[in-house]
Amino acid sequence: MASRKIQNERIVEKNITVRCDGFSYRVRLTINGARINQTFDTLQEARAYRDRMRADAATDPTHRLVIEAKQRKEEAAKLTLSDLLDRYRDEITPTKKSAPVEVTKIAKLKRYEISRLPVALVGRDAIVHFMSTARREKWSDNNLRKYLMLLSAVFEAGKKRWGMNLDNPIRKVEIPSNGKARERRLENGEFERLNAELKKARNPFMSSIFEFAVETASRRGEILKLKRKDIDLKNATAILRDTKNGESRVIPLSNQAIRILEGLPAAINGLVFPVTEEQLRQAFVAAKTRARKKYEAECASEKIDPQPGYISTLRFHDLRHEATSRFFEKELNLMEVASITGHKTLQMLKRYTHLRATELARKLN
């Protein structure tokens, strides 16, 4: 359409064309990168407009600001959510401790239709549609919440860090709650079955990591970053550096934790457990699979139904729940447990504490 109009016009003066029928005059020019296209009935009007725009751009700072704002608006109209996600990933994500996880989340978001929309069109309806798609794909509320919070952070960065004229559409929808706190602990026999399978792993550190997690309530990342120089066997302590909340903390070591550390091979590069997160994840999943199969075979031989979720639903992070609960069962007080686990609030500590009624009954009696 535009090409036909251009073909049906002829140049009268610089930046001014006239339609071949002579009924209108068009001003086309670019000022500070912003394209201007206006139509007038007479050549005098077109010429006056062109000259005024040039003069204002040269002498009026307010005019320049208006033109620059128009240019930013045009650029924003072309910018897609995928483009904004890329910029966030390249400039902000690398500054975070959870950078690898966030990069994966951004890559997943970019696979959805919403990422192809211009940012200006990503409003409440687009977010609601994305949420509906996620729920059809059986996303948990907690998982969906994390992705919505990431999108919110991306829009806030666009507004506050990069000066874009954007609304945050996440503020216009109801974000799912955290959901019910996970209460999974080790069931009878699970520790022994899993540990036996982890001892068969190619990497000799897998079983020790598993046992150490149950003894210390340390997070997976904290365990894998632990260095020999930060262990004091004489005073039975270890320093966990650069933890999730950005602070280091000193934890006590039980007799069993000390035995685990003393039985380890020589350290590599100063690390106590020279294992990557991916290696640990694969080994843990494989051990669960083997342990579950053996358990099911035992149930079949004894002609009893296997317990649903036994071994198979356990996650490595559940060991932190298990260890925290054991600390209370050993009668440590709130402050003592919090100093070990690193929890900042009673509410968060409560989410990791699941006391067994049998242990409480023992205390009562």
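Residues numbered from 1 in each chain as written. Predicted model: local features only at pLDDT ≥ 70, side-chain atom pairs only at ≥ 80, totals over all residues. Heavy atoms only, no water.

**Q** What exactly am I supposed to notice about helix α4 (residues 81–91) here?
**A** An α-helical segment advances 3.6 residues per turn. Residues three or four places apart therefore align on the same side. Those residues of α4 that fall on the buried side of the exposure criterion are L81, S82, L84, L85, D86 and Y88. Among the structural elements, α5 (99–109) and α7 (141–160) are those in contact with the buried residues of α4. (Buried < 20%, exposed > 50% of the residue type's maximum accessible area, 1.4 Å probe, protein only. Helix = DSSP H or I, 4+ residues; strand = E, 2+ residues; numbered from the N terminus. Contact = heavy atoms within 4.5 Å.)

**Q** What am I meant to see in the pattern of salt bridges here?
**A** A side chain of one charge can pair with a side chain of the opposite charge when the charged atoms of the two come close. Counted under the stated rule, the structure contains 28 salt bridges. Note that K225 is salt-bridged to D242, the shortest N-O span being 3.7 Å. On the criterion of sequence distance, the pair formed by K225 in helix α10 (residues 220–225) and D242 in the loop between β6 (237–240) and β7 (249–252) is long-range, its members being 17 residues apart. We classify K225 as partly exposed; its relative accessible area is 42%. Among the charged side chains, a salt-bridge network with shared partners connects E13, R47, R50 and D51. (Salt bridge = Lys/Arg side-chain N within 4 Å of Asp/Glu carboxyl O.)

**Q** Explain the side chain of E215 to me, please; I cannot follow it from the model alone.
**A** The topology assignment puts E215 in helix α9 (residues 206–216). No salt bridge is formed by the buried E215, whose closest oppositely charged neighbour, K330, lies at an N-O distance of 4.7 Å. A polar contact of 2.6 Å, which involves the side chain of E215, links it to the side chain of S254. Aside from chain neighbours lying at most four places away, what touches E215 is S254, Q256, A257, I260 and F327. (Lys, Arg positive; Asp, Glu negative; His and termini not counted. Polar contact = N/O pair within 3.5 Å; in protein donor to acceptor, adjacent residues only side chain to side chain.)

**Q** Would you explain the pairing of strand β2 (residues 16–19) in this entry?
**A** The two faces of a sheet get side chains in turn, since along a regular strand they alternate between them. Here strand β1 (residues 9–13) runs beside β2; their pairing, made up of four bridges, is antiparallel. The residue bridging E9 from the neighbouring strand is R19, located in β2. Between the end of β1 and the start of β2, which pair antiparallel, lie two residues, with N15 showing a positive phi angle near 75°. Where β2 and strand β3 (residues 25–31) come together, three bridges link them in antiparallel fashion. Bridge pairing links T17 to R26 in β3. (Pairing = 2+ DSSP bridges.)

**Q** What exactly am I supposed to notice about unusual backbone geometry here?
**A** Of all residues except glycine, most have a negative phi; of all peptide bonds, most are trans. At N15, a residue that is not glycine, the phi angle is positive and equals roughly 75°. By the secondary structure assignment, N15 is in the loop between β1 and β2. Although it is not a glycine, K303 sits at a positive phi angle of roughly 60°. Within the secondary structure, K303 is located in the loop between α12 (277–301) and α13 (318–329).

**Q** Which parts of the structure should I look at to understand the sheet that holds strand β5 (residues 231–232)?
**A** Hydrogen bonds between backbone atoms are what pair the strands of a sheet, whose relative direction is either parallel or antiparallel. If you trace the three strands from one edge of the open sheet to the other, you get β5-β6-β7, paired in antiparallel fashion. Looking at which strands have only one partner, the edges of the open sheet turn out to be β5 and β7.

**Q** Looking at this structure, I do not really get α9. What am I missing?
**A** Counting buried positions along α9 gives eleven out of eleven residues, so the element sits mostly inside the fold. Inspection of α9 places M206, S207, S208, I209, F210, E211, F212, A213, V214, E215 and T216 among the buried residues, and these make up the whole buried set. Downstream of α9 by a residue or two, A217 has a phi angle that is positive, lying close to 65°.

**Q** Help me understand the packing of helix α6 (residues 124–136) against α7, please; the structure alone is not making it clear to me.
**A** Two quantities define a packed helix pair, namely the angle between the axes and the distance from one axis to the other. As a packed pair, α6 and α7 sit with axes 11 Å apart at the nearest point and diverge in direction by 150°. Taken together, α6 and α7 sit at an angle that is classed as roughly antiparallel. Remark: the crossing between α6 and α7 carries right-handed chirality. Where α6 approaches α7, its residues I127, F130, M131, A134 and R135 are matched on the opposing element by D141, L144, L148 and L151. For the contact of α6 with α7, the class distribution of residues is seven nonpolar, no polar and two charged. (Axes fitted to C-alpha atoms, helices over the stretch in contact; angles between N-to-C directions. Parallel < 35°, antiparallel > 145°, perpendicular 65-115°, else oblique. Left-handed = near helix turned anticlockwise from the far one by under 90°. Nonpolar A, V, L, I, M, F, W, Y, C, P; charged D, E, K, R; others polar.)

Everything listed here is a matter of coordinates, which is why it stays silent on function.
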